[in-house]
Amino acid sequence: TGQANCQWFGGCGLVDAESASVVAPVSRRPPRDEAADFGVSIGDGRLMFGIGGPDTTIVSERRYNEGCWHSVVARRRRDTGVFELIVDGVSQGRRLGS
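Residues numbered from 1 in each chain as written. Predicted model: local features only at pLDDT ≥ 70, side-chain atom pairs only at ≥ 80, totals over all residues. Heavy atoms only, no water.

### With respect to the side chain of T57
Put simply, the rule is: The way it works is that DSSP assigns letters per residue, a run of H or I at least four long becomes a helix, a run of E at least two long becomes a strand, and they are numbered from the N terminus. Residues adjacent in sequence count toward polar contacts only when both atoms are side-chain atoms; beyond that, a polar contact is any pair of N or O atoms within 3.5 Å, and within protein one must be able to donate a hydrogen and the other to accept it. Residues are treated as being in contact if the distance between any of their heavy atoms lies within 4.5 Å.
Tracing the sequence through the fold places T57 in strand β4 (residues 56-59). Of note is the side chain of T57, whose polar atom sits 2.4 Å from the side chain of Q7. If we skip the residues at most four places from it in the chain, T57 touches C6, Q7, W8, M48, F49, G50, F83 and R95.

### Let's talk about the pattern of salt bridges
Under the convention used in this document: Any carboxyl oxygen of Asp or Glu within 4 Å of a side-chain nitrogen of Lys or Arg constitutes a salt bridge here.
The full count for this structure, using the stated rule, is five salt bridges. Note that R63 is salt-bridged to D44, the shortest N-O span being 2.7 Å. One end of the pair, R63, is in the loop between β4 and β5 (72-76); the other, D44, is in the loop between β2 (37-43) and β3 (46-51), and 19 residues separate them in sequence. Across the pair R62 and E66 runs a salt bridge, and its minimum N-O distance is 3.0 Å. One continuous salt-bridge network, built from bridges that share partners, spans R75, E84 and R94.

In structure tokens, the structure reads:
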């Protein structure tokens with residue numbers, strides 16, 4: 001079932017990828033040994049969206065495993081590195097990543 005209050009890769013993955021295309025502009029790129037990965041998962045009923053380099057995760061405050069459909073949007077601005085998790089039209093938080 002995964003656990004909340006951790007990184008997104010500790011939950012049950014809904015979307016997970018590793019891609020050079022998610023890396024920030026040259027001036028803000030992480031060292032080569034840090035992965036350019038990202039993902040959305042659920043752990044302990046909480047939704048999580050995170051990115052790597054360094055690992056940074058947004059965790060929803062409430063649980064969403066009550067058997068209802070939900071709209072989940074995970075977005076990131078490449079030019080600024082800011083990423084956000086939105087559930088049912090409500091922002092769950094914004095963070096600055098790579």
